[in-house]
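Results of the structural survey
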Amino acid sequence: MPSPFPSPTDTGIIPGLDASGILNHAPIGIFSSTPQGRFISVNPEMARICGYESPRDLIDSIKDIETQLYVNPEERRNFLHILKNREDKAAFECSFRRKNGSPFQVSLIASIIRDHEGRTLAIHGFATDITAQKKAEAETLIQKEKLESIAANVPGVLFRFDVLSDGRYEVPYVSKGSADVLELEHQREDFFTAFLKGVHPEDRNAFLDSIEKAVTEVQPWRFEGRYTKPSGKTIWCSGASSPTRHENRLVFHGIMLDVSDRKLAEIQSAKSHKNLLTLMDAMDALIYIADMDTHELLFLNAYGRRLFGNATGTKCWASLQADQTGPCSFCTNKKLINGEGMPAGIYQWEFKNTVSGRWFDCRDQAVPWTDGRLVRMEVATDITMRKEAEKKLLAAKEEAETAARTKAMFLANMSHEIRTPMNAVLGMTHLLMDTELSEEQHRYIENIQSGGQSLLALINDILDFSKIEAGKMHLERMDFDLQGLMDDFKKTMDLLASEKGLAFSIRIWPETPLLLRGDPARLRQILINLVANALKFTEEGAIEVSIAVENADSHSALLRFTVQDTGIGIPEDKTEFIFHKFSQVDASVSRRFGGSGLGLAICRELAGLMDGKTGVESVEGKGSAFWFTARFLRQEASEKTPSPIHEPGETESGGQKKMALPQFSGRVLIAEDNATNLEVAMGLLKKFGIRADSAGNGLEALQSLKNQSYDLVFMDVMMPEMDGLTATEEIRKQELQGWLPVKEIPGTDLPFSFPLKKIPIIAMTAGAMPEDRERCLEAGMDDYIAKPVHPDELSRVLVKWLGKENPEDTPDTSSGTFLYPPEDNGSAHLSGIKGIPVFNRSALLNQLMYDENLLKKIIKISVGSLYLLIQELQKALETDNSPAVHLQIQTVKTMASSINADALCVLAKKMEKAAKDGDMDTVRKGVAALEREFEKLCRAFGKDL
Ligand code: ADP
């Protein structure tokens, strides 16, 4: 196989590899030049590095090497000089210029060729382009300088620490910073020993151990410790380095820093942290700090340790709570960090701890721990006492509320208990008045009466107030005529004003709606209170009540009532105070004028119930204007507005008149063990024209009933031997067995069926509560009368159960007031009531000795009774029970007559006649008329109901 290389010729020279061949292919510039500076010959590489196309091009172009090739001609001269001085051979570096003028670096190795006389013949040499090499060298230098400068500028000491395989060590490099940081010259041979000497004796062993560990385990080295400089100053050094394995050594490149500032800050912070923990330890509150991820307790203060033991390091949920098997459901961690992962502020909550059973007010927040992470800190103060106090307070409040309710009950009971003997006193004085008396005695009795009445008024106030306070005051809602109410009110007040020589007027402004719906009685109560005060505190001048519209719509109107007087007035600072209960401007006033200080408080409450307000404008010594507002509904399709402003009317003449008592016939039994009560009842009954026997207890009553027939029994409930309830049950039993004779209803000879045939038994009791009444009715009694017996009550009962002796009395229409215009009720033959008054109030008042209270009571009772009677009448008609129909009509007639409900009475009379004639159709139509008439009557009662 032929060799790829040409074989040498006989001359031993391989073609192409002879001297000229070598020269031509040598990768180095070869030249030969004259000492004068011309090239004799150059190889192609020489031409190439100098930027010429060929050796010929170079030789021909460069006529003077020194000036044309050398960048700096001086250098050639230098080079030749060096050559000559160094035995004609030398190496040299200089800058050449290429053909295109660009400079480049060359390394020359040349020798001088001399003739035998020593003259320089030529210079032969090699040239290499070292531009790239020089550049690399320069860059390396720059790099090195940079590193040196970095090393010099790093705030610390950079070092290299070599551990040789035989265990010896070397410190081949230390940056200059060591002079500054350690006060050790960086080039010191004994650098390590010198440094070790400076390491604080307490830290020295740790230092050596750290090196040993890093070397034996080939691990990064770290150390922090104190180092005392040769000058004596101690600093904190922190060193770190990483090992790299070399052939026969372990090389640690590392850095050593002065960390005194940080270390001192750390020491300081640790110290203040410790101080803080000490402080927290001393606090009288539970404080703990827990990791928010692991729930580990990082700190628990002494207070906490007393409760939970030394639980630091355990899970908070395990140590601070009982029976927790994992993080608590109420853990507050999430509430303490906001969306950005920053502390969200303090979260406060109350909690009953399950280990201690105590209540805590907890304030939790995320705070940075020593290492910078956020942890939960809770400061919890024991509020068990407060909680218990709150509980007690709540219990006390409930108790107080119960007490208030009890008080209201008690007041209701007590007021009755007080009212009963009061009534006894008043009743007895009433009887006394009717006896022969000297003038002096009469005066005394009048005083007793007026004192008693004041006391009753006070009791009524207290009862009203307690009712309001107990939330039991409910307003009525009924149609009434404001004009009528005020007219009537004026009549009453005129009398009192004129007695004091004061003018009294009422002014109703034209736009004021008059046909209203609301509670006229309560409105009247407020007005009476304010006007009574005005009268009380005014010695001369006038009192005016004015009524105006505050605001109104089509359904309701808020009216403003003002009572203006010319009295003593009220100091400005007391104008609010006097509306509080039991508050008076000065106590001497109440001594002088009487009064409880409850009136205005009641007015305010009542006005409030009517969606209104109260107030007063007053000038001391000049007078006061008390005002209140109250909202009323308008009556449907009501258009009535006031007639022009009212002028003061004439005062009514006449003082008290003796009551003309209705007369009854019949015989009654009173079972009563209390002598006073018995006396009052017997005396009054006598006045009503009734014969009465008495029994001291239930047994006696039973005996009397067997011996004698009675029309009615008044039965006391509490009696010795046999009480009223038992006696009643016994009577009812005996009636059933036929032992007791059954009475017929007086005034009739009709055959009544059983329940109506029983003897009416009327309970007499001091108990005012509905339950008392219930008990009596359950025992078989028919009605109820408060004890001691009062004339009006007695009259009601007698009217109801005996009937009035003279029911045929024709009403006196001449003195009546047409409170409501009569209307055609569409029942032709019953329209005879046209023109007859619905209710003759003055006649009734006259009959009742001008006793307004009595009037009201009687009205109230009759409304209830009439309502029931009409119901009974309807029932009787439905069942075609004509005797019952007859009886009910008759009773309606009697009752209407006794209360001067004239129209109703006339109607009842007509119906009675029709019933007698067997004209049931007329009776049926009459019932509808009766209902309408009854409604009218109720409206006419309006203010008195
Ligand atoms: P009293 O029953 O004491 O009158 P009131 O609550 O009605 O209770 O009144 C409280 C106090 O307000 C009165 O005692 C009196 O000092 C003062 N007062 C009420 N009305 C007037 C008035 N018209 N003029 C002057 N003072 C008044």
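Keep in mind it's a predicted model, so treat the numbers as computed, not measured. Per chain, residue numbering runs from 1 following the sequence as it is written. Where totals are concerned, whole chains, interfaces and linings use all residues; where local detail is concerned, this predicted model gives features only for residues with pLDDT of at least 70, and gives and counts side-chain atom pairs only at 80 or more. No hydrogens and no water enter the side-chain calculation; it runs on all heavy atoms of the structure.

1. Description of the packing of aromatic side chains
A pair of aromatic rings is counted whenever rings of Phe, Tyr or Trp (Trp by its six-membered ring) have centres within 6.5 Å, and the orientation is called stacked for planes under 30 degrees apart, edge-to-face for over 60 and tilted otherwise. Applying the stated criterion across every chain yields a total of 21 aromatic pairs. Between F79 and F92, the aromatic rings sit 4.9 Å apart at their centres with planes inclined by 15°, giving stacked as the arrangement. Within this pair, whereas F79 is found in helix α5 (residues 73-85), its partner F92 is found in strand β3 (residues 89-97), the two being separated by 13 residues in sequence. Of the two residues, F79 and F92, both sit in the buried class. Labels follow the DSSP assignment, with helices taken as runs of H or I lasting at least four residues and strands as runs of E lasting at least two, numbered in each case from the N terminus. Three exposure classes are used, based on accessible area relative to the maximum for each residue type with a 1.4 Å probe and protein chains only: buried under 20%, partly exposed in between, and exposed over 50%.

2. Let's talk about the site of the ligand
Being near a molecule or strand, for a residue, means having at least one of its heavy atoms within 4 Å of it. Taken together, 20 residues lie around the ligand, and N533, K536, D565, Q584 and L600 are the ones closest in. Separating an oxygen atom of the ligand from a side-chain N or O atom of K536 is a distance of 3.0 Å. Alone, the ligand offers 530 Å² of accessible surface; in the complex the protein occludes 97% of this. Of all the secondary structure elements, the ones that give two or more residues to the shell around the ligand are α17 (520-536), α19 (599-609) and β22 (623-634). Here the shell around the ligand gets three residues from one element, more than from any other, and that element is α17. Residues are sorted three ways: Asp, Glu, Lys and Arg are charged, Ala, Val, Leu, Ile, Met, Phe, Trp, Tyr, Cys and Pro are nonpolar, and all the rest, Gly among them, are polar. Its residues assigned to classes, the shell around the ligand comprises nine nonpolar, nine polar and two charged. Throughout this description, a polar contact denotes any pair of N or O atoms lying within 3.5 Å of each other; where both atoms belong to protein, one of them has to be capable of donating a hydrogen while the other can accept it, and for residues adjacent in sequence the pair is counted only when both atoms sit in side chains. Computed by Shrake-Rupley with a 1.4 Å probe, the accessible areas treat only the displayed protein chains as cover when residues are assessed.

3. Details of the pairing of β3
Note: two strands are recorded as paired if DSSP finds a minimum of 2 bridges between them. Taken together, the nine bridges between β3 and strand β4 (residues 103-114) define a ladder with antiparallel strand orientation. Within the sheet, the bridge partner assigned to S95 lies in β4 and is Q105. Hairpin connection between β3 and β4: a loop of five residues separates the two successive antiparallel strands, and G101 in this loop has a positive phi of roughly 95°.

4. Let's talk about helix α29 (residues 902-916)
An α-helix turns once per 3.6 residues; consequently, residues spaced three or four apart project the same way. Counted at 1.5 Å a residue, the expected span for α29 with its 15 residues is 21 Å, and the 21 Å between its end C-alpha atoms agrees. Burial analysis of α29 places eleven of its 15 residues in the buried class, which makes it a mostly covered element. Where α29 is concerned, the buried positions are D902, A903, L904, C905, V906, L907, A908, M911, E912, A914 and A915. Two residues qualify as a contact provided that any one of their heavy atoms is within 4.5 Å of a heavy atom in the partner residue. Residues of α29 that are buried in the fold lie against α27 (852-878), α28 (882-898) and α30 (920-941). After α29 finishes, the residue G918 shows a positive phi value of roughly 75°. Expected span of a helix, by definition, is 1.5 Å for each gap between consecutive residues, and there is one gap fewer than residues.

5. Points about the pattern of salt bridges
Any Lys or Arg side-chain nitrogen located within 4 Å of an Asp or Glu carboxyl oxygen qualifies as a salt bridge. Enumeration over the complete set of coordinates arrives at 50 salt bridges. Across the pair R56 and D60 runs a salt bridge whose closest N-O atoms are separated by 3.1 Å. Note that R56 and D60 are positioned in helix α3 (residues 55-61) at a spacing of four residues, about one turn of the helix. In this structure, the salt-bridge partner of D488 is R841, at a minimum N-O distance of 3.5 Å. Of the two residues, D488 sits in helix α16 (residues 482-499) while R841 sits in helix α26 (residues 841-847), which places them 353 residues apart along the sequence. Considered together, D488 and R841 belong to a single accessibility category, that of buried residues. Members of the salt-bridge network, linked through shared partners, are R160, D162, E170 and R249.

6. Side note on the UniProt feature "modified residue: 4-aspartylphosphate" (unreviewed entry) in the protein
Sequence positions flagged by UniProt for "modified residue: 4-aspartylphosphate" (unreviewed entry) are, in local numbering, D716. Along the chain, D716 turns up in strand β25 (residues 712-716). Since its relative accessible area comes to 1%, D716 is described here as buried. UniProt positions are given in the numbering used here, feature names are shortened, and annotations may be inferred rather than shown by experiment.

7. What to know about the environment of Q321
For Q321, the position within the fold is in the loop between α12 (316-320) and α13 (333-336). A relative accessible area of 10% means that Q321 is categorised as buried. With 33 residues separating them along the chain, Q321 and T354 place their C-alpha atoms 5.5 Å apart. For Q321, the residues in contact, after removing those within four places along its chain, are C316, C328, F330, F351, N353, T354 and V355.

8. Digging into the pairing of strand β23 (residues 667-671)
Burial analysis of β23 places five of its five residues in the buried class, the great majority of the element. In β23, alternate side chains face the same way, and those of R667, L669 and A671 on one face and V668 and I670 on the other are all buried. In this structure, β23 lies alongside strand β24 (residues 691-695), joined through five bridges in parallel fashion. Bridging across to β24, V668 finds its partner in A692. One ladder, built from four bridges, connects β23 with β25; its direction is parallel.

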